[in-house]
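Structural characterization, general
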Amino acid sequence: MSSETPFGTADYATVATPAGPFTAIVDADGVVLASGWTADPEELRVLIHPGIRPAALRARDALGAVTRAVTEYHAGDLTAIDGIAVRQVSGPFLTHAWEILRKVPAGAPVTYTDFAAISGRPAATRAAANACARNAAALFVPCHRVIRTDGSLGGFRYGLPIKRWLLDHESA
């Protein structure tokens, strides 16, 4: 299949969490394409890069290891998400920045400035913030762990109350 044509059908499942409904979309190999705190899978599907975006979605009760990781993370096992494979497509900087985000440990948030520096572009704070904003795989690529230099939350696609809940959960 060409990298410029959408995949056929991907599976999704929504699970209740203390932070709200969480939906994940996975490809045929069980790799996360998109995820976040929404019950609307279409809201997530459109975030997936057109080159790998599925044309259709199929509801499932659960997604095996992905659903287990989400449930275990929200129950307190903050490392449960670490081994879940994610597939996102973009240019070299964003792809690299998303890999770096996966290495930011729970309970140790970094500033956008720090994130730019550890991503190899210390002057590119806006590009680092853009990497967070364009991340389709929330939780598994933990953009919620990036905050402003003054300690305020900055932005979060799923709302600041969820970002605050996640940071509090991880610092407990």
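Since we're looking at a predicted model, the values are computed, not measured.

Conventions we followed
Within every chain, residues take consecutive numbers counted from 1 along the sequence as written. For this predicted model, a pLDDT threshold of at least 70 governs which residues receive local features, and a threshold of 80 or more governs which side-chain atom pairs are given and counted, while totals over whole chains, interfaces and linings are taken from all residues. Hydrogen atoms and water are omitted, and side-chain values are computed over all heavy atoms in the structure. Counting from the N terminus, the helices are the DSSP runs of H or I reaching at least four residues and the strands are the DSSP runs of E reaching at least two. Values of the radius of gyration come from C-alpha atoms, whereas the globule rule sets the reference at 2.2 Å times the count of residues to the power 0.38. When checking whether two residues touch, look at their non-hydrogen atoms; a contact exists if any pair is within 4.5 Å. Using a 1.4 Å probe, the Shrake-Rupley method yields the accessible areas, and only the shown protein chains count as cover for residues. Counting rule applied: Lys, Arg positive; Asp, Glu negative; His and chain ends not counted. For this purpose, a charge sits on NZ of Lys, CZ of Arg, CG of Asp or CD of Glu. For the purposes of this section, nonpolar cores are sets of buried Ala, Val, Leu, Ile, Met, Phe, Trp, Tyr and Cys residues that join through side-chain atoms within 4.5 Å. Relative accessible area decides the class of each residue, using a 1.4 Å probe on protein chains only: under 20% of the type maximum gives buried, over 50% gives exposed, and in between gives partly exposed. Pairing between two strands requires that DSSP report at least two bridges joining them. The rule is short: rings of Phe, Tyr and Trp, with Trp giving its six-membered ring, pair when the centres are within 6.5 Å, and they are stacked under 30 degrees, edge-to-face over 60, tilted in between. In this description, a line fitted to the C-alpha atoms serves as the axis of each element, helices being fitted only across the stretch in contact, and the angle between N-to-C directions of two axes falls anywhere from 0 to 180 degrees. Any angle from 65 to 115 degrees is called roughly perpendicular, while one under 35 is roughly parallel, one over 145 is roughly antiparallel, and all others are oblique. Amino acids are sorted into nonpolar (Ala, Val, Leu, Ile, Met, Phe, Trp, Tyr, Cys and Pro), charged (Asp, Glu, Lys and Arg) and polar (every other residue, Gly among them). By the criterion applied in these results, polar contacts are pairs of N or O atoms within 3.5 Å in which, for protein atoms, one can donate a hydrogen and the other can accept it, and in which residues neighboring in sequence qualify only through two side-chain atoms.

So, the overall build of the protein chain
Looking only at helices and strands, the protein chain features six helices and six strands. Along its sequence from the N terminus, the protein chain presents helices and strands in the succession β-β-β-α-β-α-α-β-α-α-β-α. Here the C-alpha radius of gyration of the protein chain, 15 Å, is about what a compact globule of 172 residues would show, namely 16 Å. A fraction of 57% describes how many contacts in the protein chain between residues 6 or more apart in sequence connect residues 24 or more apart. Surface exposure of the protein chain reaches about 8,000 Å², of which carbon and sulfur atoms provide 55%. Each charge sign in the protein chain was given a centre, from 16 positive and 16 negative side chains, and these centres are 6 Å apart.

Topic: the nonpolar core
Of all hydrophobic cores here, the largest spans 53 residues; its most connected members are Phe 22, Ile 25, Trp 37, Val 66, Leu 101, Phe 115 and Phe 140. Mapped onto this core, the elements with two or more residues apiece are strand S1 (9–15), strand S2 (22–26), strand S3 (32–36), helix H2 (65–74), helix H3 (92–101), helix H4 (112–118), helix H5 (125–133) and helix H6 (160–171). The element contributing the most residues to this core is H3, with six residues. The residues touching Phe 140, leaving out its near neighbours within four places in the chain, are Phe 22, Val 32, Ser 35, Val 66, Ala 69, Val 70, Ile 81, Ile 84, Val 86 and Arg 102.

Some thoughts on the pairing of S2
Of all five residues that make up S2, five are buried, and the element is covered over most of its length. Neither face of S2 is exposed, since Phe 22, Ala 24 and Val 26 on one face and Thr 23 and Ile 25 on the opposite face are all buried. As judged from the five bridges shared by S1 and S2, these two strands associate in the antiparallel manner. Residue pairing for S2: Thr 14 is matched across the bridge by Thr 23. What sits between S1 and S2 in their antiparallel hairpin is a turn of six residues, with Gly 20 showing a positive phi close to 125°. Sheet analysis places S2 next to S3, joined by four bridges and oriented antiparallel. Across the sheet, the residue bridging to Val 26 is Val 32, located in S3.

Concerning the packing of aromatic side chains
Counted under the stated rule, the structure contains five aromatic pairs. Judged by centre distance (4.9 Å) and plane angle (75°), the rings of Phe 22 and Trp 37 are edge-to-face. Of this pair, Phe 22 sits in strand S2 while Trp 37 sits in the loop between S3 and helix H1 (41–45), and the two are 15 residues apart along the sequence. We classify Trp 37 as buried; its relative accessible area is 6%.

Comments concerning the environment of Gly 51
Within the secondary structure layout, Gly 51 lies in the loop between H1 and strand S4 (56–59). Placed 79 residues apart in sequence, Gly 51 and Asn 130 show a C-alpha to C-alpha distance of 19 Å.

Some thoughts on the sheet that holds S4
With mixed pairing, the four strands of this open sheet are ordered in space as S3-S2-S1-S4. Two strands bound the open sheet, and with one partner strand each, they are S3 and S4. Adjacent strand axes in the sheet meet at a mean angle of 25° when their direction is disregarded.

A word on the packing of H3 against H5
Relative to each other, H3 and H5 sit at 75°, their axes nearing to 9 Å. If you check the angle between H3 and H5, you find them roughly perpendicular. On H5, the residues touching Phe 93, Leu 94, Ala 97, Trp 98 and Leu 101 of H3 are Ala 127, Ala 128, Asn 130, Ala 131 and Cys 132. Class assignment for the residues of the contact of H3 with H5 results in nine nonpolar, one polar and no charged.

As for the side chain of Thr 23
Locating Thr 23 in the fold gives a position in strand S2. For Thr 23, the side chain forms a polar contact with the main-chain oxygen of Thr 38, separated by 2.5 Å. Those residues in contact with Thr 23 that sit more than four places away from it in its chain are Tyr 12, Ala 13, Thr 14, Ala 34, Ser 35, Gly 36, Thr 38, Ala 39, Asp 40, Pro 41 and Leu 44.

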